[in-house]
There are 2 protein chains.
Amino acid sequence: MTAAAPVPREDGRGGRIRQQQEGAILQAAEQVFARAGFQGATMAEIALRAGLPKSNLHYYFGTKAEVYRAVLGHILRLWLAETDSITPDADPREALGHYIAAKMRLSAERPDASRVFANELLHGAPEIGDYLRGELRALVADKAQVIEGWIAEGRMAPVDPVHLFISLWALTQTYADFETQVCAVLGRTALGPDDYRRATAHVQALVLRGCGL
Amino acid sequence: MTAAAPVPREDGRGGRIRQQQEGAILQAAEQVFARAGFQGATMAEIALRAGLPKSNLHYYFGTKAEVYRAVLGHILRLWLAETDSITPDADPREALGHYIAAKMRLSAERPDASRVFANELLHGAPEIGDYLRGELRALVADKAQVIEGWIAEGRMAPVDPVHLFISLWALTQTYADFETQVCAVLGRTALGPDDYRRATAHVQALVLRGCGL
DNA sequence: TAAAAAATTGACCATATGGTCAGGTTTTTC
DNA sequence: GAAAAACCTGACCATATGGTCAATTTTTTA
């Protein structure tokens, strides 16, 4: 039979072998897309890194766009999380501090994921635009209300909550996305745990003080 | 004679026609590179946007990499400027406020330039790494000393000056580089002058308060 | 253990794209 | 106003790369 329909794909589905191969492919693809962008990435290199021939890669993912979408899907799940600490009766100082630490950890531990995401945004988010205008916007609107509440109660300085989120993302992701530049001005060749500790402390101090906390 | 050596290229050199054509090419290239990245950009599209046949484009710039380097060169000049306001005897509040406003203006007026730069960084700065580790690092080290001075004199809160610069770049460029995401959460289809006014005020307030100013 | 399903693979193809080139035209120079 | 330099261009080529396919092997199922 010629190549069967690559039906399942949705996590948890598919045979044991499919599970493992798709995992390896996605991991390899994240690296390649992070380093080269969508156009620059080649199926050949993804296959090579995943340790299988190109035609086998095409057995699991029909097109490059499909691989890309799958990688983005994974990444979005990481992105969405971590706002749990921001609730009406949480301590603003602690909640924001936690959020910053969590985002910073993501930059440190999954820089490639962050870069693929950044690249997608940089090019106008052709693939995830709907998600941004839907789920993400709703989430931000929700959390913005919480912050407005804190401000109304006089628990922190008046800050535009949506712009605050934009700032938090920018401040934390810059360490992954633009690591080269950060390393250059810090005089490092790579960012180590110590650099990340310092960076986290800096961002927390700047933002918390900036919010009057 | 076959294609003559494209000798000059350094601004100000070359005949009248060359001046104008190279200008048109660079402008077109900035747009194309911003939208598609280096690999995604095609010489055909750059030529189309610049209003000349592809072979003529190759008369001025031998290779795509050459066009890219020229575009980056232009952009770096924009990037370097604007730190003038940061001097030992300036008012910290005013100096940083000015710098933020200037960087914000750059994001608003030259978003494509910012994006090309961001894309280059995102992919490890293969072309401008030396510049970052040389000129930029030196500049930042210099300005960091100024800020250290302000701190020592008790004129602002103690903040790691190098990380502060990283933060300032992140906070301001995010509005150009990730405009799609910003628009999504703000519920806009594009950022207008009003949005930029608000964003500038927000970043200034956050940072100045964050620096105890 | 046999049939069916899933997985694997090398050979192959179509297309897109960066770049070349020879010959022509315009502009500048003296 | 003629020689030289600069500029322009359509046709062409080599290569890289996404994707296909038919044949084969491995795994699962009953």
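The rules we used
Residue positions are counted from 1 within each chain, in the order its sequence is given. Throughout, the order in which chains and ligands are written sets their labels, letters from A for the former and numbers from 1 for the latter. Where local features are concerned, this predicted model is filtered to residues with pLDDT of at least 70; where side-chain atom pairs are given and counted, the filter is 80 or more; whole-chain, interface and lining totals use all residues. Hydrogens are left out, water is left out, and the side-chain values use all remaining heavy atoms of the structure. Numbering goes from the N terminus for both helices and strands, where a helix is a DSSP run of H or I of at least four residues and a strand is a run of E of at least two. Accessibility here uses a 1.4 Å probe with only protein chains present; expressed as a share of the type maximum, an area under 20% marks a residue as buried, one over 50% as exposed, and anything in between as partly exposed. Contacts are residue-level and defined by heavy atoms, with any inter-residue pair within 4.5 Å sufficient. Of the two site types, the cavity is a set of points on a 1 Å grid over the protein atoms alone where a 1.4 Å probe fits but cannot get out, and the pocket is an open set with protein on both sides within 12 Å along at least five of seven lines, each lined by residues with an atom within 4 Å of a point. Grid points are joined across faces, edges and corners, and a volume is the space filled by probe spheres set on the points. Note on residue classes: Ala, Val, Leu, Ile, Met, Phe, Trp, Tyr, Cys and Pro are nonpolar, Asp, Glu, Lys and Arg are charged, and everything else, Gly too, is polar. Nearness is judged by heavy atoms alone; a residue qualifies as near a molecule or strand once a single heavy atom is within 4 Å of it. We define a polar contact as two N or O atoms separated by no more than 3.5 Å, with the added condition that, inside protein, one atom must be a possible hydrogen donor and the other a possible acceptor, whereas residues neighbouring each other in sequence contribute only through side-chain atom pairs.

1. Things to note about the environment of tryptophan 169 of chain A
Okay, so step 1: Among the structural elements, tryptophan 169 of chain A can be located in helix H8 (residues 161–177).
Okay, so step 2: By relative accessible area, tryptophan 169 of chain A is classed as buried at 5%.
Okay, so step 3: Distance in space between the C-alpha atoms of tryptophan 169 of chain A and lysine 103 of chain A is 7.6 Å, their sequence separation being 66 residues.
Okay, so step 4: Setting aside anything within four residues of it in sequence, one finds tryptophan 169 of chain A in contact with Trp79, Tyr99, Lys103, Leu136, Val140 and Thr174 of chain A together with Gln181 and Val185 of chain B.

2. Digging into the layout of surface pockets
Okay, so step 1: One number sums up the size of the largest pocket: a volume of about 440 Å³.
Okay, so step 2: The wall of the largest pocket is formed by 26 residues, among which Ala36 and Gly37 of chain A together with Ala36, Gly37 and His123 of chain B lie closest to the centre.
Okay, so step 3: Contributions of two or more residues to the lining of the largest pocket are made by helix H1 (16–40), helix H4 (64–80) and helix H6 (111–122) of chain A together with helix H1 (16–40), helix H4 (64–80) and helix H6 (111–122) of chain B.
Okay, so step 4: Split by residue class, the lining of the largest pocket holds 10 nonpolar, 10 polar and 6 charged.

3. Some points on the protein's contact with DNA strand C
Okay, so step 1: Pro53, Ser55 and Tyr60 of chain A together with Arg16 and Lys64 of chain B are the nearest of the 20 residues found near DNA strand C.
Okay, so step 2: Backbone sugar and phosphate groups make up 58% of those atoms of DNA strand C lying within 4 Å of the protein.
Okay, so step 3: Note that a phosphate oxygen of DNA strand C is positioned 3.1 Å from one of the side-chain N or O atoms of arginine 18 of chain A.
Okay, so step 4: In the model, a base oxygen of DNA strand C is placed 2.8 Å from a nitrogen or oxygen of the serine 55 of chain A side chain.
Okay, so step 5: Broken down by element, the surface near DNA strand C gets its largest block of residues, 4 residues, from helix H3 (residues 54–60) of chain A.

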